[in-house]
Structure formats: structure tokens, C-alpha cells
Amino acid sequence: MAGAGQPGAAGGAGPASGSGAEAVGYRRLVVPLLVPAWAVVGLFMVLPVALMVVYSFLTREFRGGVTWEFTLAAYDQFFVNRGLFGDEPPRLEWTYITIFWRSIWQAALATLLCLAIGFPTAWFIATRPRASRGVWLFLITIPYWVNLLIRTVSLRFILRDNGPLNEALLALGVISKPLGIINTDLAVQLGLFYSYLPFMVLPIYAAVERYDHRLSEAAADLHAGRWTILREIVIPAIRPGIVAGCILVFVPCLGAFLAPDLLGGARNFMIGSLIDEQFRGSQGNWPFGAACAVILMTMVLAVLIAQARAALRGAGR
Amino acid sequence: MTLDIADRAFFTLLGPSGCGKTTLLRLIAGFEDLTAGEIALFGQPIAGLPPDRRPVNTVFQNYALFPHMTVAQNVEFGLRMKGVPEPQRRARAVRMLEMVHLADLAGRLPAELSGGQQQRVALARALAPGPRVLLLDEPLSALDLKLRQAMRVELKAIQEETGITFVFVTHDQEEALSMSDSIAVMSAGRIQQVGTPREIYEAPVNRFVADFIGETNLVPAEVERVECGTARVVLPGGTALACPAAPGVGPGAHHVSIRPERVTLSPAGELAATVERVVYLGSDLQLMTRLADGAPFAVRLQNAARVAVPAPGAAVRLHLEEGAVRLLAD
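Structural notes on the packing of aromatic side chains
Residue and element names in this part refer to chain A.
Right, so step 1: Tallied over the full model, the rule gives 20 aromatic pairs over all chains.
Right, so step 2: Ring geometry for Phe 119 and Trp 123: centres 6.3 Å apart, planes at 40°, overall tilted. Of the two residues, Phe 119 and Trp 123 both sit in helix 5 (residues 95-126), 4 residues apart, roughly one turn of that helix.
Right, so step 3: What makes Phe 119 buried here is its relative accessible area of 16%.
Right, so step 4: Three or more aromatic residues joined by ring pairs make a cluster, and in this case those are Phe 78, Phe 79, Tyr 96, Phe 100 and Phe 288.

So this is what it looks like as C-alpha cells:
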């Protein structure tokens, strides 16, 4: 419930990838065979998203829950400021837009960080002898067998002022007072980076593995230096993998609430935490939480559609 | 090994797969490191230079065209890397594409071209930067027969037109014979023989070369004596013949090579044989015969109207034409 923006956004890519299938024969079997797919899409994609959209237009019930009266109050609360007592002329409400903006910024930074580390990692793995690649991939995925919450709490433990990282650096004399990383944007970045790195590494790995390294040789033969080869030959060739990795990291980072909550402290509020808060206890506001999720999902969809269009243009050139 | 490649020549490295010819090419291009020895281009040692600094370009076996660039961008790439200003490189790319008859496809992506067209783009791309040596790694092996034959003629014409030294790697002897000014036959990392196509075919120095280039009959022969550039050899069955001496071959047991097409049927022939089978090849007839000692011996006759085809089982006499018998070094 708390991460209402996530399943909706992730499910948005579902129907597009399934629509290419074409039945050659056995027309009578088509409908029965499609039922499971429709059921999955309907139950886990259409229904939750529809619920979310409907709830965002309902009236807030105190102590949580909703009453079935349609209103735009949730969206009004998000975008419009009428002063503390609701009697001033309407102005644009910046509080939530700022939280959204900071979330986008944090997610983008985390994505860049994942790309900067994930790309060389993926390249390294994909250029190992075939037999050892599986071992490297296995090593990459091992930490992800542990629950995300536990990993994030552990990271908090490591980063806190009297945690192992600071203790070790203090003992070594590298620093004279604790770094104070915990409860900063940097800690959130580290948390997001650590949570989603494999989502960057795996698609890029798949793209690099398919990359024909003879293209690099051909470019070198045609007098291109190493950086030029990377920029002009390698990156365009594996671009689909890079784009996929960036989307797979950016989208969940945008809705993440564990890392900002546990590592960022009160000053580093993000969308995920905002939504999460609306569904907790008697202080919650379900329609407002749903409205935030709808706005988040709309934004993510807009980005994905823009990206898909850019990719189509690139392919059609 | 030591190998001297003449300037402005069409030079071919010919050998079976795994003989080291592609490695040699990659050494020249700079993709492999030289562990010992020296490579010099026009007197300048180049072994220490990375591939992008060498005045050579390569046509790769799989073409290795950049898939995200148009044909024109592919051809211009090398010039752009050399810092040639845009108007000049555009003009040169157009000229290169005209030379390979693809000027009207400049805006296409490689995936939209046929194999033969991709091959031409690869050639234009490698020629565009104006290399002093062009390396070609089995560039025709992925094409079908008709296209391959057409490209042979075209490659040779382009080489003559541009005056660039071509170093061509192939395992296809027909390709090598039809295009080259000079051929180096390689086997197991060693050069077996260097010479013109005619020399390689008609005067092979050893059994490997004789057997690898075209068809031949390798016949054990006893060298009786060598004098004044002529060797006296005795073939199985006791036939004694004179043939050109080979360097370093003294009296003793050796082999001779006899090309099937240099043998005719004649009542006064030197060799006695029995016909086992006649294979019809259209323009030619192949006679599979056995010599008196039971060794197989192939004869190729032109399918002319006057040829009397012997029946299987017939005893025939084979006449070896002037110069048909070549003494081999091993």
C-alpha cells in the first residue's frame, strides 16, 4: 500500500511488451490462452491503478480511509495554497512540488552514480572469459538475497557517527572527527546506489556481452583513439542497455522511501516517504497519498513515453 | 620468417585456416603484439605503434561496419579521425563510394544493405583515409560464388587504379591465383614459397605447395643424378625422365609433382596405367587411373570433340608433356 506509485509505474510497460505476439493458427485456443495474461494484467495492473486514481478523487476520512464523495480536494491540496486558514487568494503551493523536484534530483543523481560505477563493472564482467562471467554476476547479486529493509538499516549502522566506517577512519587517523554522513543527501545517495546498482549492471552487461568487439578494432584501424572509440562506437552500440539500466534505476529511486527515511533523516524528505506517510495511522490522508501517486506515475509515464519516442526516432533515422 | 612485400603490389597470403596468415595480418595492423622480430613499412619500423597510428587500413572478414552510422558516415569515419575538414572528407567519401558503385546508397544504414554492398562499403571505408597499405582479411569469403568472382575483378582493378599495396589474406587458391602479383603460401606459421601465381602453380618447391595449390599427382621418384640444372629421375615402374633440378635436391628418394592437365593419352606415352573411373566435369573429363605399382594417378582431359574416352578397365599409356614433371624439395 505504502509504495502505491511503484507497482503502477512498473506495470505501465507491461501491455506494450506483450502486444507483438501473433497467433498463427489454432484461433479457438487464442482466447483461453490469453486469459491468464489478461487476469494478471487486470488484477495486478489495471485494478490497482484504477483504485489509486479513484481514491485520489474521494473525500478524506479522518483516522484513515475515505468516504465515497467525489472531490478534487487532494489535488487542490497538492497544487494550491490558500494560506493557513484557507481565506487567502489561491497561490501555487510549492511544498510538494519542491519535494517532487528534490526526489527527481536525488533519483537522477543516484542513477548517474549507478551508471558511473555500473558501466565499468558491467564492462569488466562481460569481457571476462565466458566461464567466469557467471561467477562475477553471482557475486553481484549475492547482497540482494537479503531484504532491502535489512540492507538499508545495516547501511545506516555502518555510516552513523559511531559506526564502523567512522571508527575505522578515526582509528587510522584519516579523519579527526566523524564524517557526519548519516542524515545527509550523500547517505541517501549511497543507499539508493547500493539498493539499485544491479538494475544498472545487468542490462548493460547484457548489451556489452552482445557487443561485437571487432567494431572497436575497426575503429582503431581507422585512426580512432580509445576515448573516441568509447564515445562514438561503444556507447551508441550498447545504448539500449544503458537506457534500460537508467530507467530501471531511476523509476524505483523516484518512489523509494526506505533509503530516504532511514538514511536521510527529516530534512531529506522524498516522494516515497510523503506517500508512505499518508497511509500511516490516524494522521494519514488516503486521497492525498493516492493523488501524489497518480502525479508521480503520470510523470514517470511521460518520461518513459518521451524516451520511447526518442528511441523510435533514433531507430528510424 | 622474413617476408618482403613490394610497393604497389597485390600481395596475397595464402594458406589453410590456422596457418597463421590472419595473425600475420593482425601483426601488420597492430592488433597483435610482436613478441620478437620487426615489422617495417617503407623502411620505418612500426612494431611499437598502436593500430590507430599506423598508415594501414583493414577490410575485415565480417566487414565490421558501424551499425549506427550511415554508409557515408562509415566511409568518412577514418578521415574525420585524421582531422580532415568536412568539405574535403565529404567529397572524398563520395569519390570512394563512386569507385565501389554505391554513391546512391550513401544515406543507408549498413543493416539495409546486402552482403555484397556491405563488402563494398567496408572497402571504401578502408580506402578513404588513403592508407599506404590496405590489409584485406578474407574479404570475399562471406559472398556467394557469382559475387565473389565479380569482386575479384573489381578488387584487382581498384588496386591498379589506386596504386595502393594490397595485402590480401585468403584460403581460396583461385582467389589468390586470379588477383595476385605475388603470393606467399603459408603453412604452420611458416612461409613455404613466395612467387608469382605462375611460379607457385607451375613450379611448386615442396609437396605442401604442390598439393595445396590446385590438383596434382605426387609421385615418389628416385633422383639418379643432377647435372647442368637437370635432374634424371626414375618413376615407379622404371620410367626414367629428365626434369628441372630443384635447389638443394641431390640424388636419392624424392617426390615429383605432375599436374593432371599436363598429361595426355598417347600410345607412345612414358607411363602405363589402368583406367578405373571416368568422371564427367563438363568442360573437362577426369580419368582416375592406377599406375603399374598401384598408386592412384589423375588425368584431366579437355572435353573436346576428338577425345576418345577410354572405358574403365582399359590399359592406357600416359604422355607427360614438356615441363610437366616438377621435382620437389621434400
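Having seen it, we continue.
Overview of the pattern of salt bridges
Right, so step 1: Tallied over the entire structure, the rule returns 24 salt bridges over all chains.
Right, so step 2: For the salt bridge of Asp 276 of chain A with Arg 280 of chain A, the shortest nitrogen-to-oxygen distance reads 2.9 Å.
Right, so step 3: For Asp 276 of chain A, a relative accessible area of 4% translates into the label buried.
Right, so step 4: It is possible to trace a salt-bridge network through shared partners that takes in Glu 76, Glu 86, Arg 89 and Arg 90 of chain B.

Structural notes on the interface of chain B and chain A
Right, so step 1: Opposite the 27 residues of chain B that make contact, chain A presents 17 residues.
Right, so step 2: Of the roughly 1,900 Å² buried where chain B meets chain A, counting both sides, 58% is carbon and sulfur surface.
Right, so step 3: Together, Asp 52, His 68 and Met 81 of chain B form the three largest contributors to the area buried by chain B at its contact with chain A, with a combined 28%.
Right, so step 4: Counting the contacts that link chain B with chain A gives 2 salt bridges.
Right, so step 5: The partner of Glu 232 of chain A in a salt bridge is Arg 80 of chain B, and the shortest N-O contact between them spans 2.7 Å.
Right, so step 6: Remark: the boundary between chain B and chain A carries 9 residue pairs in polar contact (both at pLDDT 80 or more).
Right, so step 7: Elements that contribute at least two residues to the side of chain B that touches chain A include exactly helix 1 (21-29), strand 4 (56-59), helix 2 (71-81) and helix 4 (115-127) of chain B.

Quick notes on the confidence of the model for chain B
Right, so step 1: Summarising the model, chain B shows a mean pLDDT of 88, and 100% of its residues fall at 70 or more.
Right, so step 2: Reported for the predicted complex are a pTM of 0.76 and an ipTM of 0.79.

What about the pairing of strand 6 (residues 165-170) of chain B?
Residue and element names in this part refer to chain B.
Right, so step 1: Most of strand 6 sits inside the fold, with 6 of its 6 residues counted as buried.
Right, so step 2: Residues of strand 6 alternate between two faces, with Thr 165, Val 167 and Val 169 on one and Phe 166, Phe 168 and Thr 170 on the opposite face, all of them buried.
Right, so step 3: Direction of pairing for strand 1 (residues 10-14) relative to strand 6: parallel, over a ladder of 5 bridges. Bridge pairing in strand 6 places Phe 11 opposite Val 167.
Right, so step 4: Alignment of strand 5 (residues 133-137) against strand 6, held across 5 bridges, turns out to be parallel. When the sheet's bridge partners are listed, Leu 134 is paired in strand 6 with Phe 166.
Right, so step 5: The handedness of the strand 5 to strand 6 crossover, carried by helix 5 (residues 145-162), is right-handed.

Calculation criteria
Residues numbered from 1 in each chain as written. Chains lettered and ligands numbered in written order. Predicted model: local features only at pLDDT ≥ 70, side-chain atom pairs only at ≥ 80, totals over all residues. Heavy atoms only, no water. Phe/Tyr/Trp six-rings, centres within 6.5 Å; stacked < 30°, edge-to-face > 60°. Helix = DSSP H or I, 4+ residues; strand = E, 2+ residues; numbered from the N terminus. Buried < 20%, exposed > 50% of the residue type's maximum accessible area, 1.4 Å probe, protein only. Salt bridge = Lys/Arg side-chain N within 4 Å of Asp/Glu carboxyl O. Contact = heavy atoms within 4.5 Å. Buried area = accessible area lost by both parts, 1.4 Å probe. Polar contact = N/O pair within 3.5 Å; in protein donor to acceptor, adjacent residues only side chain to side chain. pLDDT = per-residue confidence, 0-100. Pairing = 2+ DSSP bridges. Right-handed = clockwise from strand over helix to strand, strands pointing away.

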